[in-house]
Amino acid sequence: MSLPFFLRAAATLLLALAAALLCVWLRTPLPWMIGPLLAMSIASILGAPTRSWPPLRNAGQWVIASALGLYFTPQVTALVAGLWWAILLAIAWALGLGWAFGRWLHRRHAHRIGGEPRTQWATTYFAGSIGGASEMTLLAERENGRSDLVAAAHTVRLIIVTLVIPPAILYSGLHGLDATLPGAREVHGPGLLLLVLATGAGAWLMSRTGRANPWFMGALVVSMGLTMAGIELSALPNGATNVAQLLIGISLGVRFRREFLRGAPLWLLDVALGTVGMILLCAGFGGLLAWATGLHFATLVLGTSPGGIAEMAITAKVLQLGVPVVTAFQVCRLVAVLVLVEPLYRWVGPR
């Protein structure tokens, strides 16, 4: 007899909390996100009935986005605006790298995917694209690709990036050298209430438009807009961002299932190898941008990495790196990929 959904979700939260506290005690990097992520991945693979409740995941993204927006003071905004050319280069790099990764997967797995050439190319192209997992999966399905393989590829990519890059930066000693302070640094009750209401309204309105990552993007736009205008309502409590990291870690970890690993082991192995290769290539590209812009190397590694916005921005915040720069690079890349990846598919795909 299976457990009710709410009991599964509650047990998942308790296990994630225990894992986070253990990682805090062990002093691991990003304990509130990596601990739950690892615990949920292992438990899910072993067949435990783990569950992530979507409203909680949305709340985690909402809190993180609201906290990130507080860094965009007028002075910092001017700095980021001056990097427009570097952001454009990073977008072109991400599109080209995603295409190359898709070509490599196509060469390795087209014969295993089967079906028509269009199905094979749609599967590998959208699996290689550096974009949001849900959006790339939907696009692949629209073009008759294997949505299960695309979703698996993006899950593996996000988890590997999240588990590799933060510890690498922490243990290399590159953290805490490019700190940007948020505009509001103290918690004020009335101001916090207004901030919650404003960002919540922005997230809700964005969700009504059907846009990608509405609870993250909507809250980020409102929080950024207020801070850029010089309106400092309140900081967020540290505990809130820790809980948000825990919820995001859960949402990543529960994607793994036992049948998920059995379905296409060679596909997942090649995706993992390709992801490691992309991490190294992006680190090299980030180093070139750091040399050209004079910004910190670790900041631009996070800004150009093939990871998700929330995970990389959280890393920048916790490790005291350039949060606005990382957020700007990742947000602009996400928007550009969502706009351009499908037209590019039709241009370079099979006729």
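For the structure, check the block above.
Residues numbered from 1 in each chain as written. Predicted model: local features only at pLDDT ≥ 70, side-chain atom pairs only at ≥ 80, totals over all residues. Heavy atoms only, no water.

**Q** Go over the overall build of the protein chain, please, and point to the residues and values.
**A** In terms of helices and strands, the protein chain carries 16 helices and 0 strands. On the principal axes, the C-alpha backbone points of the protein chain span a range of 60 × 55 × 40 Å. Among the 351 residues that make up the protein chain, the fraction classed as buried is 53%. Long-range contacts, defined here as pairs at least 24 residues apart, represent 79% of the contacts in the protein chain between residues at least 6 apart. Carbon and sulfur atoms make up 68% of the accessible area of the protein chain, which totals about 15700 Å². (Helix = DSSP H or I, 4+ residues; strand = E, 2+ residues; numbered from the N terminus. Buried < 20%, exposed > 50% of the residue type's maximum accessible area, 1.4 Å probe, protein only. Contact = heavy atoms within 4.5 Å. Areas by Shrake-Rupley, 256 points an atom, 1.4 Å probe, with all protein chains shown as cover.)

**Q** Now, about unusual backbone geometry: what can you tell me, with residues and values included?
**A** The backbone of arginine 27 sits at a positive phi, close to 60 degrees, despite the residue not being glycine. Inspection of the secondary structure assignment puts arginine 27 in the loop between helix H1 (5–26) and helix H2 (31–45). A relative accessible area of 74% places arginine 27 in the exposed class. At glutamine 320, a position not held by glycine, the phi torsion is positive, near 60 degrees. Note that glutamine 320 resides in the loop between helix H15 (309–318) and helix H16 (323–348). Glutamine 320 gets classed as partly exposed once you look at its relative accessible area, which sits at 47%.

**Q** Kindly report on the packing of helix H14 (residues 297–304) against H16, identifying the contributing residues and their values.
**A** Between H14 and H16, the shortest axis-to-axis distance is 8 Å and the interhelical angle comes to 20 degrees. Our classification of the angle between H14 and H16 gives roughly parallel. For the element pair H14 and H16, the recorded crossing hand is right-handed. Residue-level inspection shows Thr299, Leu300, Leu302, Gly303 and Thr304 of H14 in contact with H16, the latter providing Val325, Val326, Phe329, Gln330 and Arg333. (Axes fitted to C-alpha atoms, helices over the stretch in contact; angles between N-to-C directions. Parallel < 35°, antiparallel > 145°, perpendicular 65-115°, else oblique. Left-handed = near helix turned anticlockwise from the far one by under 90°.)

**Q** Give a description of a nonpolar patch on the surface that names residues and reports values.
**A** Where nonpolar side chains cluster on the molecular surface, the patch consists of Trp84, Trp85, Leu88 and Leu89 and spans about 440 Å² of accessible area. As for its placement among the helices and strands, tryptophan 84 is situated in helix H5 (residues 84–113). (Patch = residues over 30% accessible without salt bridge, like charges linked within 9 Å, V, L, I, M, F, W, Y side chains within 5 Å. Salt bridge = Lys/Arg side-chain N within 4 Å of Asp/Glu carboxyl O.)

**Q** Talk me through the nonpolar core; I want residue IDs and the actual numbers.
**A** With 85 residues, the main nonpolar core has Phe126, Phe216, Trp267, Leu302 and Phe329 as its most contacted residues. For this core, the leading source of residues is helix H8 (residues 147–172), giving 12 residues. (Core = buried A, V, L, I, M, F, W, Y, C linked by side-chain atoms within 4.5 Å.)

**Q** Please give an account of the packing of aromatic side chains that cites residues and values.
**A** In this structure the tally under the stated criterion is 7 aromatic pairs. Taking 4.6 Å as the distance between ring centres and 0 degrees as the angle between the ring planes, the aromatic pair formed by tryptophan 93 and phenylalanine 285 counts as stacked. Highlighted residues: tryptophan 93 in helix H5 and phenylalanine 285 in helix H13 (residues 265–293), separated in sequence by 192 residues. Relative accessible area serves as the criterion here: at 26%, tryptophan 93 is assigned to the partly exposed category. Measuring from centroid to centroid gives 5.4 Å for tyrosine 125 and tyrosine 345, while their planes differ by 50 degrees, and the two rings are tilted. (Phe/Tyr/Trp six-rings, centres within 6.5 Å; stacked < 30°, edge-to-face > 60°.)

**Q** Quick rundown of the packing of H5 against helix H6 (residues 117–128)? Include the residues and the values.
**A** With their axes 7 Å apart at the nearest point, H5 and H6 run at an angle of 140 degrees to one another. Classed by the angle they form, the pair H5 and H6 counts as oblique. The two elements H5 and H6 meet at a crossing, and its hand is right-handed. From H5, Gly98, Trp99, Phe101, Gly102, Arg103, Leu105, His106, Ala110 and Ile113 reach across to H6, where they touch Thr119, Gln120, Trp121, Thr123, Thr124, Tyr125, Ala127 and Gly128. A class-by-class count of the residues in the contact of H5 with H6 yields 8 nonpolar, 8 polar and 1 charged. (Nonpolar A, V, L, I, M, F, W, Y, C, P; charged D, E, K, R; others polar.)

**Q** Go over the environment of glycine 274, please, and point to the residues and values.
**A** By the element assignment, glycine 274 lies in helix H13. Considering only alpha carbons, one finds glycine 274 and leucine 37, 237 residues apart in sequence, at a separation of 21 Å. The residues contacting glycine 274, other than those within four sequence positions of it, are Phe101 and Trp104.

**Q** Any chance you could break down the environment of threonine 50 for me, citing the residues and the numbers?
**A** Relative to the helices and strands, threonine 50 resides in the loop between H2 and helix H3 (54–69). For threonine 50 and glycine 253, which are 203 residues apart along the polypeptide, the C-alpha to C-alpha distance reads 9.2 Å. If sequence neighbours within four positions are ignored, threonine 50 has contacts with Thr12, Met40, Ala43, Ser44, Val254 and Arg257. A polar contact is formed between the side chain of threonine 50 and the side chain of serine 44, at a distance of 2.6 Å. (Polar contact = N/O pair within 3.5 Å; in protein donor to acceptor, adjacent residues only side chain to side chain.)

**Q** Break down the pattern of salt bridges for me, with residues and values.
**A** Enumeration over the complete set of coordinates arrives at 5 salt bridges. Connected via shared salt-bridge partners are Arg118, Arg142, Glu143, Glu342 and Arg346.

**Q** Residue-level account of the side chain of serine 305, with values.
**A** As for its position among the elements, serine 305 is in the loop between H14 and H15. Among the polar contacts listed, one links the side chain of serine 305 to the backbone oxygen of leucine 302, at a separation of 3.2 Å. With residues up to four places along the chain from it excluded, the contact list for serine 305 reads Val161, Ile165, Cys282, Met312, Gln330 and Arg333.

**Q** Let's hear about H15: which residues, and what values?
**A** Counted residue by residue, H15 has 8 buried out of 10 residues, so it is predominantly covered. Taken residue by residue, H15 has Ile309, Ala310, Glu311, Met312, Ala313, Ile314, Thr315 and Ala316 as its buried positions. Taken from the residues just after H15, glutamine 320 is the one with a positive phi, measuring 60 degrees.

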